[in-house]
Amino acid sequence: MIDGFIALYIFMLAGFTGYEVISRVPVILHTPLMSGSNFVHGIVLVGAMVALGQADGPVEQIIGFVGVALAAGNAVGGYVVTERMLEMFKDSGGKRGKA
Amino acid sequence: MNLSPAFTDDLIQGAYFLAALLFIVGLKRMSSPKGARVGILWAGAGMLVATLITFLWPGMHNFGLMLAAILIGGGAAWWSGKRVAMTAMPQMVALYNGMGGGAAAAIAADELLHPEGLGRAALTLAVVGAFIGTVSFSGSLIAFGKLQGLINKSWRFKGQQLVNGLVFLLAAGHGVMIALGYGHGMGPVVFFFLLSLLFGVLMTVPIGGADMPVVISLYNAFTGLAVAFEGFVLQNPAMIIAGMVVGSAGTLLTQLMAKAMNRSIGNVLFSNFGETAAAGGEVSGSLKPIDAADAGVMMAYGAKVIIVPGYGMAVAQAQHKVWELTQLLQSRGVTVKFAIHPVAGRMPGHMNVLLAEAGVPYDIIADLEEINAEFPTADVALIIGANDVVNPDARNRKDSPIYGMPILDADKAKNVIVIKRGQGRGFSGIENALFYMDNTRMLYGDGQEAVARLIQGIKTLD
């Protein structure tokens, strides 16, 4: 069980971790970074799966279904665009990226 | 499969731990251009492991629906993400982010429809997460519509703040009621979500395009927080950690963006900037046009050229031509550098992505602090589709609406060439004193076509 103060500790430590990890990122990587963190909150997919997996009745099932579809879109889309952007930053040799 | 419940639980928790670790390490790797690509691969691996292991979660059904939803949502996102042009990246990021917020809200909706067994803390966080997630959902969709050009107007009316405030209070009141256990069942929950959706729309509709970097990163943080809160409700540590890391990272990025405009986040969200901005006072001098051949000569025989791109370069898709121009100048021995303002474009780092797409090496791209000292040594500052971020009024005129905003000191270059579509004003509606200076020349035309003419002009020199 994650409860009470244990939860608070996790919230606090994760919050500071995010702040520290990001604070040294150079400006040129702001977009991939934002898109990358956008991908990371796609982990909502596992929660949406559990919610749908425990849903009973059509209303809950529809909501759960929409939730999983949206979450999968978040995760997959976030990954694809971040990967595409970082691919372009891969080397500094002036190699031309694909349009 | 015949795994013992305890073993399954360990497996799931272990996979979530691994996922959280990989997310953090992955984001950490993204802090340098060289390691960045490995970073997203690791984070992706974490996501894959966590998703697959979740199928083992005890007591689940609806697997058919689950797979269908993953295929539909993931497939559509894969398809659109592979095809989207780099210039359209801000709206895609906004869209995917909104989907995450919507998913968090959906989780909350399912939990709130059968809240039995949720403690006070879980119920409260479910409600708060539902609100934040829903606002991020509808707000991001509006931001997407604006960036995509589906919504062209910034809809503003008298008393807007009051209406927004009332809607917020109504939604919050409903949320408190549900959290206290008075609002069970469909009616109140549906009404609560409708109010939250409406608030997200109302909050985003009046915000103008140039403020989008702040808005997008703010909603990114919102979705992160919503995911973290729903993670607590579901007792899922991976969601808590990942959501919280994103929440605080997004908050930091939002602050950076707002600081780059010398405004507070509240000011960006609630000030109806641009509408209220005064005409900005009169400017002395006149706009002096130049033709591409002369502009080409100025750059080709200079020792150093600094290029300042803005959103106009993205609109004109001019980044490839700009790189061609850069290479041409370099081959003649001209030093070329790019100066990027933190809020140039429509999302944080937008210009860097476009230049990287065209193949511009990042070591000739400099940000504001690095480059400002170099403008006095530049023979030509070439402005492409940037406006407010090079307006010297931000330094010089206390009555200017953008006074105090850190700008690129392009006006200190020996010559300034401005590529501009027409004689209109920038987003903020203020005249740009830079355009009227004695050493400034205007090269009118669409960004891509104007740069093509420059290239042509320089090529005929040989």
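Keep in mind the model is a prediction, meaning the values are calculated, not measured.

What follows covers the sheet that holds strand S5 (residues 415-420) of chain B. Residues and elements named next belong to chain B. Strands sit in the order S3-S2-S1-S4-S5-S6 across an open sheet of six strands; the sheet is parallel. One side of each edge strand has no neighbouring strand; the edge strands of this open sheet are strand S3 (365-367) and strand S6 (440-444). Across this sheet, the average inter-strand angle for adjacent strands is 25°, counted without regard to direction. The sheet contact formed by strand S4 (residues 380-384) and S5 spans five bridges and is parallel. Looking across to S5, one finds that Ile 384 is bridged to Ile 419. Here helix H13 (residues 319-331) sits on the sheet in contact with strand S1 (304-309), strand S2 (335-340) and S4, set at roughly 145° to S2.

Glancing now at helix H14 (residues 350-358) of chain B. One turn of the α-helix equals 3.6 residues, which is why residues spaced by three or four share an orientation. Burial within H14(B) is extensive, with nine of its nine residues counted as buried. Buried within H14(B) we find His350(B), Met351(B), Asn352(B), Val353(B), Leu354(B), Leu355(B), Ala356(B), Glu357(B) and Ala358(B).

The next thing to look at is the interface of chain B and chain A. Opposite the 103 residues of chain B that make contact, chain A presents 84 residues. Here chain B meets chain A over a buried area of about 8400 Å², counting both sides, of which 75% is carbon and sulfur. The partner of Arg37(B) in a salt bridge is Glu87(A), with the nearest N and O atoms 2.8 Å apart. By residue class, the composition of the side of chain B that touches chain A is 66 nonpolar, 29 polar and eight charged.

This part takes up the packing of helix H5 (residues 120-148) of chain B against helix H6 (residues 160-180) of chain B. Residue and element names in this part refer to chain B. Where H5 contacts H6, the two axes come as close as 9 Å, and the packing angle between them is 155°. One element, H5, and the other, H6, form an angle in the roughly antiparallel class. The two elements H5 and H6 cross, and the hand of that crossing is right-handed. Contacts between H5 and H6 involve Arg 120, Leu 123, Thr 124, Val 127 and Phe 131 on the former and, on the latter, Phe 168, Ala 171, Gly 175, Ile 178, Ala 179 and Leu 180. Taken together, the residues that form the contact of H5 with H6 break down as eight nonpolar, two polar and one charged.

Here we come to unusual backbone geometry. Working note: non-glycine residues mostly have negative phi, and peptide bonds are mostly trans. A positive phi angle, close to 60°, is found at Gln235(B), a residue other than glycine. Its place among the elements puts Gln235(B) in the loop between helix H8 (212-233) and helix H9 (237-260).

Before going further, it helps to spend a moment on the side chain of Glu357(B). The topology assignment puts Glu357(B) in helix H14. For the buried residue Glu357(B), which engages in no salt bridge, the nearest side chain bearing the opposite charge is Arg84(A), 5.9 Å off. Among the polar contacts listed, one links the side chain of Glu357(B) to the side chain of Gln319(B), at a separation of 2.8 Å.

Turning next to the confidence of the model for chain B. Residue and element names in this part refer to chain B. Per-residue pLDDT for chain B has a mean of 88; in total, 94% of the residues score no lower than 70. Between the elements of chain B, mean pLDDT differs from a low of 80, seen in helix H10 (residues 265-270), to a high of 95, seen in helix H3 (residues 63-83). Here residues 274-280 is modelled with pLDDT under 50, and outside its nearest four sequence neighbours on either side it reaches 13 contacts, counting other chains as well. Among the prediction metrics, the complex's ipTM stands at 0.90, with pTM recorded as 0.86.

Here the focus is a nonpolar patch on the surface. Residues and elements named next belong to chain A. Judged by side-chain polarity, Phe 5, Leu 8, Tyr 9, Met 12, Leu 13 and Phe 16 come together as a nonpolar surface patch covering roughly 710 Å² of accessible area. Within the secondary structure layout, Tyr 9 lies in helix H1 (residues 4-23). Taking the relative accessible area as the measure of exposure, Tyr 9 reaches 52% and is therefore exposed.

Phe11(A), Ile43(A), Phe193(B), Met299(B), Leu325(B) and Leu382(B) are the most contacted members of the largest nonpolar core, which has 160 residues in total. Top contributing element to this core by residue count: helix H4 (residues 89-113) of chain B, with 15 residues. Excluding anything up to four places from it in sequence, Leu382(B) contacts Met299(B), Ile306(B), Ile307(B), Val308(B), Leu325(B), Ile417(B), Ile419(B) and Leu454(B). In this structure, Met257(B), Met261(B), Leu434(B) and Tyr436(B) belong to the second largest nonpolar core, which totals 34 residues.

Next up on the list: the packing of aromatic side chains. Counting across every chain of the model gives 10 aromatic pairs over all chains. Here Phe168(B) and Phe199(B) contribute two aromatic rings whose centre-to-centre distance is 5.5 Å and whose plane-to-plane angle is 50°, an arrangement assigned as tilted. Remark: Phe199(B) occurs in helix H7 (residues 186-204) and Phe168(B) occurs in helix H6; sequence separation between them is 31 residues. The class for Phe199(B) is buried, based on a relative accessible area of 9%. A network of ring pairs unites the aromatic residues Phe11(A), Phe229(B) and Phe232(B) as a single cluster. Above the ring of Trp42(B), the side-chain terminus of Arg29(B) is found at 5.6 Å from the ring centroid. Sitting over the face of the ring of Tyr301(B), Arg332(B) holds its NZ or CZ atom 5.5 Å from the ring centroid.

Residues and elements named next belong to chain B. For H6, built from 21 residues, the straight-helix expectation of 30 Å at 1.5 Å per residue is met to within 8% by its first-to-last C-alpha distance of 30 Å. Looking at H6, one finds that the buried residues are Gln 160, Asn 164, Val 167, Ala 171, His 174, Gly 175, Ile 178 and Ala 179. Buried residues along H6 cover an arc of 140° about the axis, so they all sit on one side. For H6, the exposed residues set more than 90 degrees away from the buried face come down to Leu 162, Leu 166 and Leu 169.

Moving on, we get to the environment of Ile417(B). Residue and element names in this part refer to chain B. Relative to the elements of secondary structure, Ile 417 occurs in strand S5. Overall, the relative accessible area of 0% leaves Ile 417 in the buried class. Sequence separation between Ile 417 and Phe 144 is 273 residues, and the spatial gap between their C-alpha atoms is 33 Å. With residues up to four places along the chain from it excluded, the contact list for Ile 417 reads Ala 295, Met 298, Met 299, Val 380, Ala 381, Leu 382, Ile 383, Arg 441 and Leu 443.

Thresholds, definitions, all that
- Residues numbered from 1 in each chain as written.
- Chains lettered and ligands numbered in written order.
- Predicted model: local features only at pLDDT ≥ 70, side-chain atom pairs only at ≥ 80, totals over all residues.
- Heavy atoms only, no water.
- Pairing = 2+ DSSP bridges.
- Helix = DSSP H or I, 4+ residues; strand = E, 2+ residues; numbered from the N terminus.
- Axes fitted to C-alpha atoms, helices over the stretch in contact; angles between N-to-C directions.
- Contact = heavy atoms within 4.5 Å.
- Buried < 20%, exposed > 50% of the residue type's maximum accessible area, 1.4 Å probe, protein only.
- Buried area = accessible area lost by both parts, 1.4 Å probe.
- Salt bridge = Lys/Arg side-chain N within 4 Å of Asp/Glu carboxyl O.
- Nonpolar A, V, L, I, M, F, W, Y, C, P; charged D, E, K, R; others polar.
- Parallel < 35°, antiparallel > 145°, perpendicular 65-115°, else oblique.
- Left-handed = near helix turned anticlockwise from the far one by under 90°.
- Lys, Arg positive; Asp, Glu negative; His and termini not counted.
- Polar contact = N/O pair within 3.5 Å; in protein donor to acceptor, adjacent residues only side chain to side chain.
- pLDDT = per-residue confidence, 0-100.
- Patch = residues over 30% accessible without salt bridge, like charges linked within 9 Å, V, L, I, M, F, W, Y side chains within 5 Å.
- Areas by Shrake-Rupley, 256 points an atom, 1.4 Å probe, with all protein chains shown as cover.
- Core = buried A, V, L, I, M, F, W, Y, C linked by side-chain atoms within 4.5 Å.
- Phe/Tyr/Trp six-rings, centres within 6.5 Å; stacked < 30°, edge-to-face > 60°.
- Lys NZ or Arg CZ within 6 Å of the ring centre and 35° of its normal.
- Expected span 1.5 Å × (residues − 1).
- Arc of directions from axis to C-beta.

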